[in-house]
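Below are the chains, spelled out letter by letter.
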Amino acid sequence: MGENVQTRIKNLLAKKTVGSLVQVAGWIRTRRDTGGFSFLEVNDGSCLANIQVIADGSLANYEAEIRKLSAGCSVMVEGTLQASPAKGQDVEILAAEVVVVGWADPEHYPLQKKRHSFEFLREISHLRPRTNALGAVARVRSRMSYAVHTFFQERGFCQVHTPIITTSDCEGAGEMFQLTAMETSLKGEEAGPQDFFGRKAGLTVSGQLQAEVYALALGNVYTFGPTFRAENSNTSRHLAEFWMIEPEMAFCDLRGNMRIAEDLLKYLLNDVITHCPDDMDLFDRFIEKGLLAKLRGVMEQDFAHITYTEAVDRLLQAQKKFEFQVRWGVDLQSEHERYLTEEVFLRPLIVTDYPATIKPFYMRVNDDGRTVAAMDILVPGIGEIIGGSQREERLDVLTARMATAGINTADYAWYLDLRRYGTVPHAGFGLGFERLIQFVSGMANIRETIPFPRTPGFAPC
RNA sequence: UCCUCGGUAGCUCAGUAGGUAGAGCAGGUGGCUGUUAACCACCUUGUCGGCGGUUCGAGCCCGUCCCGGGGAGCCA
């Protein structure tokens, strides 16, 4: 044992070849003693389920070791897979050998055989993936990541690794973490020409601008990588470091953009429900009751569509009292978005054509001259999960908007070149991966959807 | 960052009028049983978030800081 040749419990439970000799390796969840033997629940992380191991009193290390096993101990077990005579499991392993690999002092091991609050588990982010719920999130997250790539690769999209260190601020996308190699900057001096890159640099807030470069060379591309936002934000939907999926399509308008976005969301939901049924069932039963019905509803219905202007009219006519007044030209508040998606449409809602004044310079100006071809997809419970737009491909319109926004065109010369040489209509969007996992898992706080959450004042390991 | 609620045993919480701290679970010991949130008996555990103040006396009142929940802003 030790060459990683043991059977994964997931495969063991799928095949259930009774009578065969098997090896498993994992961590003890609980031990129960009976007459002359013990029951060990072993989990190896391959799936939600544990395998029940029968450790008979005749085993050489029974009294010395097996009777002292507790939650968290690591073991390797070799034995025969047999039908279980009792309820609760179809098969179990009759152990021929139980090797204790690592002990976990029960007086100090923080994970108990009971439900823990997510707030507590967050304080032990190095141990929390050993719990049912966080283990399930990890598997679902991995599967969804895989499915994101499958979706785009099957459709001929090319993945582009856009830079994590950037010198261009994707205006309107939030605060940027400043990056420096100079100690002087710590004393309040602004990083500048003498710093590592010869100019101000930071961690990316979006790969969009660079993705546009590759879209206008390769056609359809996507990015899927870490993104950083430095605003002092403390909500259940915000992280300082998160992963974002950003497709960018050449020769594509807002309608094509919306279609891809809706197809992507539905594809991902279907994939995870199909491939992670046990984990999804756990979420449905213990994290958010009715989750699966909600997700199936999303898959089966067309997303609702409404323009910003129609949304404002709708909100003005609503009987509901809002804390913030609705007015054309002002961005929709959370309460407005929630009302529309949770009470009016009861399904994902795509809001389009926002006023140009409240959206970034790169969004394409509509023929009315006062709105832009933007789209936000709102989902019940989360709010905005996708934000995107058709990009402004006309050089003169783009430079005019940059001037209005007070942006120095010289800093974006490379971006303007894309419009100067062989410009084409193109569009794209950003999908927050953790918000998606929040929606799919029913987790109330986004900090449970990423292995090591980073929030203001919190980055322990 | 703002509003609001909270921080008491390893975990989840109770603590009545300011009078010197409790339950369940976990853990330990023993028993019993093809057990599975195992069961039964007994036992252990506290800088009452930090600092400062009021008071004869503070878990409780006041100030301040830190952390967490909910909401807002910001955002994906």
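Cut-offs used in this document
Residues numbered from 1 in each chain as written. Chains lettered and ligands numbered in written order. Predicted model: local features only at pLDDT ≥ 70, side-chain atom pairs only at ≥ 80, totals over all residues. Heavy atoms only, no water. Salt bridge = Lys/Arg side-chain N within 4 Å of Asp/Glu carboxyl O. Helix = DSSP H or I, 4+ residues; strand = E, 2+ residues; numbered from the N terminus. Buried < 20%, exposed > 50% of the residue type's maximum accessible area, 1.4 Å probe, protein only. Phe/Tyr/Trp six-rings, centres within 6.5 Å; stacked < 30°, edge-to-face > 60°. Pairing = 2+ DSSP bridges. Core = buried A, V, L, I, M, F, W, Y, C linked by side-chain atoms within 4.5 Å. Domains from an automatic or database assignment. Contact = heavy atoms within 4.5 Å. Buried area = accessible area lost by both parts, 1.4 Å probe. Polar contact = N/O pair within 3.5 Å; in protein donor to acceptor, adjacent residues only side chain to side chain. pLDDT = per-residue confidence, 0-100. Axes fitted to C-alpha atoms, helices over the stretch in contact; angles between N-to-C directions. Near = heavy atom within 4 Å. Nonpolar A, V, L, I, M, F, W, Y, C, P; charged D, E, K, R; others polar. Arc of directions from axis to C-beta.

Our next topic: the pattern of salt bridges. On inspection of all chains with the given rule, the structure shows 23 salt bridges. Ionic pairing is found between arginine 122 and glutamate 448, a salt bridge with its closest N-O pair at 2.8 Å. In this pair, arginine 122 is assigned in helix α2 (residues 118–122) and glutamate 448 in the segment after α12 (433–441), connecting sequence segments 326 residues apart. Here arginine 122 matches glutamate 448 in class, with each residue buried. The salt bridge partner of aspartate 279 is arginine 139, with a shortest N-O separation of 3.0 Å. Linking aspartate 279 in helix α6 (residues 277–287) with arginine 139 in helix α3 (residues 132–154), this pair joins segments that are 140 residues apart in sequence. Residue classification places arginine 139 among the buried positions, given a relative accessible area of 18%.

What follows is about the packing of aromatic side chains. Tallying each qualifying case throughout the model produces 15 aromatic pairs. Considering the side-chain rings of tyrosine 308 and tryptophan 328, the 5.7 Å spacing of their centres and the 75° angle between planes classify their relative orientation as edge-to-face. One end of the pair, tyrosine 308, is in helix α8 (residues 308–317); the other, tryptophan 328, is in the loop between α8 and α9 (334–344), and 20 residues separate them in sequence. Given a relative accessible area of 27%, tryptophan 328 falls into the partly exposed group. Residues phenylalanine 322 and tyrosine 339 carry aromatic rings whose centres are separated by 5.4 Å and whose planes lie at 80° to one another, so their mutual orientation is edge-to-face. Taken together, the residues span a long stretch of sequence, with phenylalanine 322 in the loop between α8 and α9 and tyrosine 339 in helix α9 at a distance of 17 residues. For phenylalanine 322, a relative accessible area of 16% puts it in the buried group. Among the aromatic residues, ring-to-ring pairing joins Phe151, Phe152, Phe157, Tyr222 and Tyr267 into one connected group.

Let us look at the sheet that holds strand β9 (residues 201–203). With antiparallel pairing, three strands are arranged side by side in an open sheet as β7-β9-β8. Of all the strands in the sheet, just β7 (165–166) and β8 (178–179) have a single pairing partner and so form its edges. Taken together, the two bridges between β8 and β9 define a ladder with antiparallel strand orientation. Note on β9: the bridge partner recorded for glutamine 178 is glycine 202.

Of all seven residues in strand β16 (residues 426–432), seven are buried; the element is thus mostly enclosed. One ladder, built from five bridges, connects strand β11 (residues 241–250) with β16; its direction is antiparallel. Among the inter-strand pairings, glutamate 248 is bridged to a residue of β16, identified as glycine 428. Pairing of strand β15 (residues 383–391) with β16, which is carried by six bridges, proceeds in the antiparallel orientation. The partner of glycine 387 across the bridge, within β16, is glycine 430.

Ranked by internal contacts, the top residues of the largest apolar core, which has 84 residues, are Ile51, Val98, Met280 and Leu431. No fewer than three residues from each of domain 1 (5–113) and domain 2 (128–448) sit in this core. In terms of nonpolar packing, the next biggest core, distinct from the first, is built from 32 residues, Ala304, Val312, Ile407 and Leu418 among them.

Turning our attention to the domain arrangement of chain A. One can read the domain layout of chain A as domain 1 (5–113) and domain 2 (128–448). Measuring from the centre of the C-alpha atoms in domain 1 to the corresponding centre in domain 2 gives 44 Å. Domain 1 puts nine residues into the contact, and the matching count from domain 2 is seven residues. Contact between domain 1 and domain 2 buries roughly 740 Å² in total, counting both sides, with carbon and sulfur atoms accounting for 49%. For domain 1, the biggest contributors to the area lost against domain 2 are Arg29, Leu48 and Leu111; these three give 66% of the whole. Between domain 1 and domain 2 we count zero salt bridges in total. Inspection of the region where domain 1 meets domain 2 yields four residue pairs in polar contact (both at pLDDT 80 or more).

Looking now at the confidence of the model for chain A. Considering every residue of chain A, the mean pLDDT works out to 92; 97% of them sit at 70 or more. Averaged pLDDT values for the elements of chain A fall to 87 in β8 and rise to 98 in strand β6 (residues 158–159). Interface predicted TM-score (ipTM) for the complex: 0.90; the corresponding pTM is 0.94.

The strands making up a sheet associate through backbone hydrogen bonding, with each pair oriented either parallel or antiparallel. Judged by pairing direction, the barrel is mixed, and its five strands sit side by side in the order β1-β2-β3-β5-β4 before closing back on the first. Neighbour to neighbour, the strand axes of the sheet diverge by 50° on average, direction disregarded. With six bridges connecting them, strand β2 (residues 37–43) and strand β3 (residues 51–56) associate as antiparallel partners. Bridge assignment links phenylalanine 37 to a residue of β3, and that residue is aspartate 56.

The environment of RNA strand B is formed by 52 residues, the closest being Lys87, Arg122, Asn232, Thr235 and Arg435. For RNA strand B, the backbone makes up 50% of the atoms found within 4 Å of the protein, where backbone means sugar plus phosphate. Note that a base nitrogen of RNA strand B is positioned 2.8 Å from one of the side-chain N or O atoms of glutamine 112. Interatomic distance of 3.2 Å between a side-chain N/O atom of asparagine 445 and a phosphate oxygen of RNA strand B. Mapped onto the surface near RNA strand B, the elements with two or more residues apiece are β1 (21–34), β2, β3, α2, β11 and β15. At four residues, β15 tops the list of elements feeding residues into the surface near RNA strand B. A class-by-class count of the residues in the surface near RNA strand B yields 14 nonpolar, 22 polar and 16 charged.

Along an α-helix, residues three or four positions apart point the same way, because every turn accommodates 3.6 residues. All of the buried residues in helix α11 (residues 413–420) are Tyr415, Leu416, Leu418 and Arg419. Buried residues of α11 fall within an arc of 140° about the axis and therefore sit on the same side. Looking at the buried side of α11, the elements it contacts are α4 (208–218), β15, α10 (395–405) and β16. Once α11 ends, the next one or two residues include glycine 422, with phi positive near 65°.

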